[in-house]
Amino acid sequence: MIKPDLLLHPTPGGLYCPIGDFYVDPVRPVGRALITHGHSDHARSGHSHVLATQQTLDIMAIRYGADFAGSSQAAGFGETVDVNGISVRFHPAGHVLGSAQIEIEKDGTRIVVSGDYKRGVDPTCASFEPVPCDVFITEATFGLPVFHHPPPSGEIEKLLTSLRQFPERSHLVGAYALGKAQRVISLIRRGGYDQPIYIHGSLTKLCDYYESQGVDLGELRPATTEDKKSGSLKGAVVIGPPSAFNDRWARRFEDPLPIFASGWMMVRQRAKQRGVELPLVISDHCDWPELLDTIREVGPQEVWVTHGREEALVRWCELSGIAARPLHLVGYEDEGD
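Note that the structure is a prediction, hence the values are computed from the model and not measured. (Residues numbered from 1 in each chain as written. Predicted model: local features only at pLDDT ≥ 70, side-chain atom pairs only at ≥ 80, totals over all residues. Heavy atoms only, no water.)

Student: Go over the overall build of the protein chain with me, naming the residues and quoting the values.
Tutor: Counting its secondary structure elements, the protein chain contains 9 helices and 19 strands. Relative to the 2.2 N^0.38 estimate, which gives 20 Å for 337 residues, the radius of gyration of the protein chain is 20 Å and therefore close to what a compact globule would have. The principal-axis extent of the C-alpha atoms belonging to the protein chain is close to 65 × 45 × 30 Å. Looking at the protein chain residue by residue over its 337 residues, the buried ones come to 55%. The long-range fraction of contacts in the protein chain, counting pairs at least 24 apart against all pairs at least 6 apart in sequence, stands at 59%. Of the accessible surface of the protein chain, which amounts to about 13700 Å², a share of 50% is contributed by carbon and sulfur atoms. Between the averaged position of the 33 positive side-chain charges in the protein chain and that of its 43 negative side-chain charges there is a distance of 6 Å. (Helix = DSSP H or I, 4+ residues; strand = E, 2+ residues; numbered from the N terminus. Rg over C-alpha atoms; globule rule 2.2 N^0.38 Å. Buried < 20%, exposed > 50% of the residue type's maximum accessible area, 1.4 Å probe, protein only. Contact = heavy atoms within 4.5 Å. Areas by Shrake-Rupley, 256 points an atom, 1.4 Å probe, with all protein chains shown as cover. Lys, Arg positive; Asp, Glu negative; His and termini not counted. Charge placed at Lys NZ, Arg CZ, Asp CG, Glu CD.)

See below:
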């Protein structure tokens, strides 16, 4: 077996495999990049070559343009790809459409880079599949014992109840453009809401792509009327990126009710700072119990924590008899929280 540090280790540019001469989710342009998913803190443009799932490559093209990399190669889930003598396999991560864990294996040593992942059921993307390994590299966005996320169906019911209670108000839901917006729409549909849902223009291409991949989002209409206040949107559900709620776009709606869908809505101060009237705790990351359950299920000898609340998870691993360390990687945010 080869020592894990010789197979993969952190550098200022990101996780680097010196034997295979490639990076995983590098934070700067590199010669060869393996990308876990399409969020902008993990998938950057300008690499000479990119290896990712086809859906992630498609999403990168939508977000950055067709020339987002010098060349690209698609990897199917479970398919073994040889990268300069390293066996690489992509497995579903359950985070957003196309998201993957990347398994890296050489001479009997297996490392799995989770990227971002969630364990809850989500029909808008393939579900997380635990992969036994020697080293599991996990995120810890919500890596504190205080984070226990409620069932998303109950959070959506709060929105549907508000629609019944305030039929004269436009319900403006802030949701990140990739993954969260489509998941919220899907959850609303599963909650029984069959009216048209209005979306900000920046969501159109990604929603169209999700539909092309078999994700049914129901009737979507553009929320783009410029000439007058949209009285027709009284009582309607309007979904847009959180950034849009601070500009002129949000002011065209009459008596809008500000909503934000995020795991961070557990933190009341964050909701208050954003002026959120109806916080929905809907996360595309694992909460604390899910992180622990995943580590137990994967059964690694070592756990490396890439980003988020690293120290608490490292401490839990050590108390559980599992070697662990924080990697202190920088450049990863919570775009898909």
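Student: Any details on the nonpolar core? Residues and values, ideally.
Tutor: Ranked by internal contacts, the top residues of the largest apolar core, which has 34 residues, are Ile188, Ile197, Val237 and Ile239. For this core, the secondary-structure elements that each account for two or more residues are α3 (152-165), α4 (180-190), β13 (197-199), α5 (204-212), β15 (237-240), β16 (257-261) and β17 (278-280). The element contributing the most residues to this core is α4, with 5 residues. Contacts of Ile197, omitting those with residues within four sequence positions, involve Ile185, Ile188, Arg189, Glu219, Leu220, Arg221, Val237 and Ile239. Judged by nonpolar contacts, the second largest core, of 25 residues, contains Cys17, Ile86, Val88 and Leu327. (Core = buried A, V, L, I, M, F, W, Y, C linked by side-chain atoms within 4.5 Å.)

Student: How would you sum up empty space enclosed by the protein? Please name residues and give values.
Tutor: Counting across every chain of the model gives 2 cavities of 30 Å³ or more. In this model, the largest cavity occupies a volume close to 80 Å³. Around the largest cavity, the lining residues are Leu15, Val24, Asp25, His42, Val113, Ser114, Gly115, Ile137, Thr306, His307, Leu329 and Tyr332. Here the residues of the lining of the largest cavity sort into 6 nonpolar, 5 polar and 1 charged. Surrounding the second largest cavity, Gly94, Lys118, Arg119, Gly120, Asp122, Cys125, Ala126, Ser127 and Phe128 form its lining. For the lining of the second largest cavity, the class distribution of residues is 3 nonpolar, 3 polar and 3 charged. (1 Å grid on protein atoms, 1.4 Å probe; cavity = no way out; pocket = protein on both sides within 12 Å on 5 of 7 lines; lining within 4 Å. Points joined across faces, edges and corners; volume = space filled by probe spheres on them. Nonpolar A, V, L, I, M, F, W, Y, C, P; charged D, E, K, R; others polar.)

Student: So what's going on with the sheet that holds strand β1 (residues 9-11)? Which residues, and what values?
Tutor: Read from one edge to the other, the open sheet built from 6 strands follows the order β1-β2-β3-β4-β5-β6, with strand pairing classed as mixed. At either end of the open sheet lies a strand with only one pairing partner, and these are β1 and β6 (69-74). Here the strands of the sheet are splayed against their neighbours by 35° on average, with no regard to which way each runs. For strand β2 (residues 14-17) and strand β3 (residues 22-24), the ladder comprises 3 bridges, and the chain directions are antiparallel. Paired with Leu15 across the strands is Val24, a residue of β3. (Pairing = 2+ DSSP bridges. Axes fitted to C-alpha atoms, helices over the stretch in contact; angles between N-to-C directions.)

Student: So, α5: which residues are in play, and what are the values?
Tutor: Of the residues making up α5, those classed as buried are Leu206, Cys207, Tyr209 and Tyr210. Buried residues along α5 cover an arc of 160° about the axis, so they all sit on one side. Of the surrounding elements, those touching the buried residues of α5 are α2 (54-64), α4, β13 and β14 (220-222). Just beyond α5, the residue with positive phi is Gly214, at close to 90°. (Arc of directions from axis to C-beta.)

Student: Tell me about the side chain of Thr36, and please be specific about residues and values.
Tutor: In this fold, Thr36 is placed in the loop between β4 (32-34) and β5 (47-52). With relative accessibility at 1%, the residue Thr36 sits in the buried group. Of note is the side chain of Thr36, whose polar atom sits 2.7 Å from the side chain of Asp25. (Polar contact = N/O pair within 3.5 Å; in protein donor to acceptor, adjacent residues only side chain to side chain.)

Student: Can you break down the layout of surface pockets residue by residue, with the values?
Tutor: Put simply, the largest pocket is a space of about 280 Å³. What lines the largest pocket is a set of 22 residues, among which Gly120, Pro150, Pro151, Pro152 and Arg183 lie closest to the centre. Going through the elements one at a time, α3 and α4 are the ones with two or more residues in the lining of the largest pocket. Examining the composition of the lining of the largest pocket, we find that 5 residues originate from one element, α3, more than from any other. When grouped by side-chain class, the residues that make up the lining of the largest pocket number 9 nonpolar, 6 polar and 7 charged. In this model, the second largest pocket occupies a volume close to 200 Å³. Taken together, 13 residues form the lining of the second largest pocket, with Pro242, Phe245, Asn246, Arg274 and Val276 sitting closest to its centre. Counting residues per element, the ones that place at least two in the lining of the second largest pocket are β12 (171-174) and β16. The biggest single contributor to the lining of the second largest pocket is β16, with 3 residues. Its residues placed into classes, the lining of the second largest pocket shows 9 nonpolar, 3 polar and 1 charged.

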